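As a plain string of letters, each chain reads:
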Amino acid sequence: MLLVDVWREAGRHASLEETVERIARRLADEMPLQALLIRRLDAERLRLETVAAGAPGGAPPGRTRTELSKSQFHALVSWAHAREVLRSGPQGLAGVLAAGEARGEVLAGPLLDGEQVIGALVAVGPAFRPAHAELFAQVLDPVSSALRSDIQLHELTRLREAAEADNRALLSRLGRQEIADAIVGADGGLRAVVDRVAQVAGTDAPVLLLGETGTGKEVIAREIHRQSARARGPVVRVNCGAIPPGLIDSELFGHERGSFTGAVADRAGWFERADGGTLFLDEIGELPLEAQVRLLRVLQDGSFERVGGRTTHTVDVRIVTATHRDLHTMVQAGTFREDLWYRISVFPIRLPPLRERPADIPVLAAHFAWRAGQRLGGHPLAPTAADQERLIAYSWPGNVRELAAVIERAVILGNGHQLEIAAALGPAASSVAATTENRPGATEAAPPGEEFQTLDAAMARHIEAALEKVNGRIEGPSGAAALLGLNPHTLRARMRKLGIHWSRFRPA
Ligand SMILES: Nc1ncnc2c1ncn2[C@@H]1O[C@H](COP(=O)(O)OP(=O)(O)O)[C@@H](O)[C@H]1O
Ligand SMILES: [Mg+2]
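Quick caveat: nothing in here was measured; it's all calculated off a predicted structure.

Parameters at a glance
- Residues numbered from 1 in each chain as written.
- Chains lettered and ligands numbered in written order.
- Predicted model: local features only at pLDDT ≥ 70, side-chain atom pairs only at ≥ 80, totals over all residues.
- Heavy atoms only, no water.
- Helix = DSSP H or I, 4+ residues; strand = E, 2+ residues; numbered from the N terminus.
- Buried < 20%, exposed > 50% of the residue type's maximum accessible area, 1.4 Å probe, protein only.
- Contact = heavy atoms within 4.5 Å.
- Areas by Shrake-Rupley, 256 points an atom, 1.4 Å probe, with all protein chains shown as cover.
- Pairing = 2+ DSSP bridges.
- Axes fitted to C-alpha atoms, helices over the stretch in contact; angles between N-to-C directions.
- Core = buried A, V, L, I, M, F, W, Y, C linked by side-chain atoms within 4.5 Å.
- Near = heavy atom within 4 Å.
- Polar contact = N/O pair within 3.5 Å; in protein donor to acceptor, adjacent residues only side chain to side chain.
- Nonpolar A, V, L, I, M, F, W, Y, C, P; charged D, E, K, R; others polar.
- Expected span 1.5 Å × (residues − 1).
- Phe/Tyr/Trp six-rings, centres within 6.5 Å; stacked < 30°, edge-to-face > 60°.
- Parallel < 35°, antiparallel > 145°, perpendicular 65-115°, else oblique.
- Left-handed = near helix turned anticlockwise from the far one by under 90°.

> Explain the overall build of the chain here, please?
The helix and strand inventory of the chain stands at 21 helices and 15 strands. Each of the 508 residues in the chain was classed as buried or not, and the buried ones make up 48%. Nonlocal contacts in the chain, meaning residues at least 24 apart in sequence, comprise 65% of its contacts between residues at least 6 apart. Total accessible area on the chain is roughly 23,500 Å²; 52% of this is exposed by carbon and sulfur atoms.

If you want it as structure tokens, here you go:
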């Protein structure tokens, strides 16, 4: 109940401030909350900034900025990657997170964009119980999503304004970004993909990107935009799988004030926001059938109405879609509309999984190590030949995203100064590596070199199988914890110990 409300708040209000105020009021019904802060992490400047704050009872706290030392930054990033709610008195990391607001206790949870730490949600109050921490954990996903859109919107506005003020300055900025976001493997395993991109970018044809999670579909979607004539317009990504079904219409097409309870202001939908640019509909396979009908109509004649609105809007938008699912099978099963499939699949591009392009692994690893070393330790790092062999031996079910996460973890484990690749891969991966190293072709049923697997190894496999089954979900009735008959906290702790990361099992 609470969670649904929070998603609704997060999706509905353009302003982060309004979102945090409403969520604070709701949480205050359940726990002794004095203030709720959304703090954004600026990883480049090593800063934690309060970007929105709500206080249900009194005046909201000010916009504090905390400068972090390198070790505070490292502590924060590794805490965030553990995805655990922190409940403690206002000392140490909790004190840093609470920006000096706390007198009593602090609840804090990480805000993430995939593997990237974008900030923290912090609650302060006289005292919290474990049940409060559990409840607090539930609002982290929606708040992450609100912060992420807020960051994206600010970035778009910033780019737009820059374009108006000085075209040349913008162009040079894009030029620099091009170097930073180079597509690794363009001359290797992604050559065919890059060729297809070059063919289609200049047209307005819709593109469908197919590939497993973490293969680089979003990277390619942005590249198509960058190479198109619309490059100076907005590029807007919508994750169709992350919007609650009841809000999809209002998200995509916007709504007029008062059209439903909670529609407190007019809101432009993603189609309007992408006008003149590219709309990237990610995880299109998750779109419910009713929304598919509406989408088809926009694709056919470029027009739509806002929810509760009477005027018809027309927009000029190039559509790029992506999915990790087999849409063709979904069409046959009747869960994806055939007519919509024809529309969006005019120009499909398939992203090969990383295991099909092992030659890209060392180059990608070097790229991520260079970047993560620079960012976390102040200087670039490079994997050794032995590291590279280990990385190549692993099967990368989470593809490039997982590789980037492993390298980042390796840098953190090495305190920013060296790469702890073996440790970062964890026992699950090293058993995979050992299998291929010692006994090529050995199957899972016959672990190498020993009659018996250790209990830890067996447990790791079992947990992984459960995560696989539930797409990486941990909590809730259909989560892995319920499936395994464990408390979610216990499961998380065990996963941490065994080096298992849930995001590997998550579809994008
Ligand atoms: N070819 C590539 N070169 C550099 N980085 C890449 C490449 N492919 C993927 N990445 C990185 O890997 C992560 C996952 O890529 P993403 O495009 O989000 O995958 P998908 O959308 O297919 O799940 C991102 O951080 C992205 O920057
Ligand atoms: Mg994606």
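Further notes follow.
> Where do I start with the sheet that holds strand S15 (residues 347-350) in this structure?
Each strand in a sheet pairs with its neighbour through backbone hydrogen bonds, running either in the same direction (parallel) or in the opposite one (antiparallel). Taking strand neighbours across the sheet as the criterion, the five strands line up as S8-S11-S14-S7-S15 in an open arrangement whose pairing is parallel. Here the strands that pair on one side only, and so sit at the sheet edges, are strand S8 (235-239) and S15. Averaged over all neighbouring strand pairs, the angle between strand axes comes to 20 degrees, with direction disregarded. Bridge analysis of strand S7 (residues 207-210) against strand S14 (residues 318-323) gives four bridges, and the strand direction is parallel. Across the sheet, residue Val 207 finds its bridge partner in S14, namely Val 320. Those strands touched by helix H8 (residues 191-201) are S7, S14 and S15, and its axis lies near 160 degrees from that of S15.

> Just checking my understanding: could you explain the nonpolar core for this structure?
Counting residues in hydrophobic clusters, the biggest one holds 49 residues, and the most contacted among them are Val 122, Leu 391, Trp 396, Leu 403 and Ile 407. Setting aside anything within four residues of it in sequence, one finds Val 122 in contact with Ala 35, Leu 36, Leu 37, Arg 39, Leu 97, Ala 98, Val 106, Leu 107, Ala 108 and Phe 136.

> In this structure, what is going on with the site of ligand 1? I would like to understand it.
Around ligand 1, the surrounding shell holds 16 residues, and the nearest of these are Val 184, Gly 214, Lys 217, Glu 218 and Arg 401. A distance of 3.2 Å separates an oxygen atom of ligand 1 from a polar atom in the backbone of Thr 215. Between ligand 1 and Gly 216 there is a distance of 3.1 Å, counted from an oxygen atom to a backbone nitrogen or oxygen. Protein contacts shield 85% of the accessible area of ligand 1, which totals 560 Å² for the unbound molecule. Here the shell around ligand 1 gets three residues from one element, more than from any other, and that element is helix H9 (residues 217-226). Class assignment for the residues of the shell around ligand 1 results in eight nonpolar, four polar and four charged.

> Honestly, the sheet that holds strand S1 (residues 35-42) in this entry has me stumped. Any pointers?
Judged by pairing direction, the sheet is antiparallel, and its six strands sit side by side in the order S3-S2-S1-S6-S5-S4 without closing on themselves. Two strands in the sheet have a free side with no partner beyond their single neighbour: strand S3 (65-67) and strand S4 (86-88). Averaged over all neighbouring strand pairs, the angle between strand axes comes to 20 degrees, with direction disregarded. Strand direction decides the pairing type here: strand S2 (residues 47-54) and S3, joined by three bridges, are antiparallel. By the bridge assignment for S3, Glu 49 is matched with Arg 65. With respect to the sheet, helix H3 (residues 70-81) is in contact with S1, S2, S3, S4, strand S5 (105-113) and strand S6 (116-125), its orientation differing from that of S5 by roughly 75 degrees.

> I would appreciate a short explanation of H3 in the present structure.
Three or four residues apart is the spacing at which side chains of an α-helix point the same way, because the helix has 3.6 residues per turn. Between its terminal C-alpha atoms H3 stretches 17 Å, which fits the 16 Å expected from 12 residues at 1.5 Å a residue. Listed as buried for H3 are Phe 73, His 74, Leu 76, Val 77, Trp 79, Ala 80 and His 81. Where H3 terminates, the next one or two residues include Arg 83, which has phi positive at roughly 55 degrees.

> So what exactly am I meant to see when it comes to the side chain of Thr 215 here?
Within the secondary structure, Thr 215 is located in the loop between S7 and H9. Thr 215 gets classed as buried once you look at its relative accessible area, which sits at 2%. If we skip the residues at most four places from it in the chain, Thr 215 touches Leu 351, Pro 352, Pro 353, Arg 357, Asn 399 and Val 400.

> Sorry if this is basic, but what is going on with the pairing of S1 here?
Every regular strand shows the same layout, with side chains that alternate between the two sheet faces. Burial analysis of S1 places seven of its eight residues in the buried class, the great majority of the element. Sheet topology note: the S1/S6 ladder contains six bridges and is antiparallel. Bridging from a neighbouring strand, Arg 40 pairs with Gly 119 of S6. Direction of pairing for S1 relative to S2: antiparallel, over a ladder of seven bridges. Bridge assignment links Leu 36 to a residue of S2, and that residue is Gly 54.

> Got a minute to help me understand the packing of aromatic side chains in this structure?
Given two aromatic rings, one states the distance between the centres and the angle between the planes to describe the pair. For the structure on display, the rule yields five aromatic pairs. Taking the centre distance of 5.6 Å and the plane angle of 10 degrees together, the rings of Phe 253 and Phe 271 count as stacked. Pair noted here: Phe 253 is in helix H10 (residues 248-253) and Phe 271 is in helix H11 (residues 270-273), with a separation of 18 residues, a long-range link. Relative accessible area serves as the criterion here: at 0%, Phe 253 is assigned to the buried category. Judged by relative accessible area, which is 1%, Phe 271 ranks as buried.

> Is there a simple way to think about the packing of helix H19 (residues 455-469) against helix H21 (residues 488-498) in this case?
Two numbers describe a pair of packed helices, the interaxial angle and the distance between the axes. Following both chains from N to C, one finds H19 and H21 inclined at 120 degrees, their axes separated by 11 Å at the closest point. One element, H19, and the other, H21, form an angle in the oblique class. For the pair H19 and H21, the sense of crossing is left-handed. Counted together, Asp 456, Met 459, Ala 460, Ile 463 and Leu 467 of H19 and Leu 491, Arg 494, Met 495, Lys 497 and Leu 498 of H21 form the full contact between these two elements. Considering only residue class, the contact of H19 with H21 consists of seven nonpolar, no polar and three charged.

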